[in-house]
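As a plain string of letters, each chain reads:
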Amino acid sequence: GGASALNSDGTIPVKLDRIAVLSISYHNIGVEQEFLKRFDQSLQSYAKGMEISEKYLGKDHSVTRTLKNSFLIAQRAIGAKSDLIT
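Residues numbered from 1 in each chain as written. Predicted model: local features only at pLDDT ≥ 70, side-chain atom pairs only at ≥ 80, totals over all residues. Heavy atoms only, no water.

Undergrad: Lay out helix 2 (residues 39-57) with the relevant residues and their values.
TA: With 19 residues, helix 2 should cover 27 Å at 1.5 Å per step; its first-to-last C-alpha distance of 26 Å lies within 8% of that length. Along helix 2, the residues that are buried comprise Phe39, Ser42, Leu43, Ser45, Tyr46, Ala47, Gly49, Met50, Ile52, Ser53 and Leu57. (Helix = DSSP H or I, 4+ residues; strand = E, 2+ residues; numbered from the N terminus. Expected span 1.5 Å × (residues − 1). Buried < 20%, exposed > 50% of the residue type's maximum accessible area, 1.4 Å probe, protein only.)

Right under this line is the structure:
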């Protein structure tokens, strides 16, 4: 609770647990979009979650690694599906 305090440099403090939840939320949206066959939107959502996680949690964080792996798997799977359609 209480008022939000700024960092000494005037920036808003980042709560890493919230960043992880936001990143995973983008991933979950991507999963649903893929299920609905909205493949381009799905990849954008997977990528957004991965980018946010990488920027704030770092490349070596477990959430970042998991989201990156999921993005790559989805990219391959969606590529294979689009090959079947054309």
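Undergrad: An account of helix 1 (residues 16-35) is needed here, citing residue identities and associated values.
TA: In a regular helix each residue adds 1.5 Å, so 20 residues correspond to 28 Å; helix 1 covers 29 Å between its end C-alpha atoms and thus fits that length. Every buried residue of helix 1 is accounted for by Ile19, Ala20, Ser23, His27, Gly30, Gln33 and Glu34. Each buried residue of helix 1 lies within a common arc of 150° when the element is viewed along its axis, so the set occupies one face. When the buried face of helix 1 is taken as reference, the exposed residues oriented beyond 90 degrees from it are Asp17, Arg18, Val21 and Phe35. Backbone geometry just after helix 1 places lysine 37 at a positive phi near 65°. (Arc of directions from axis to C-beta.)

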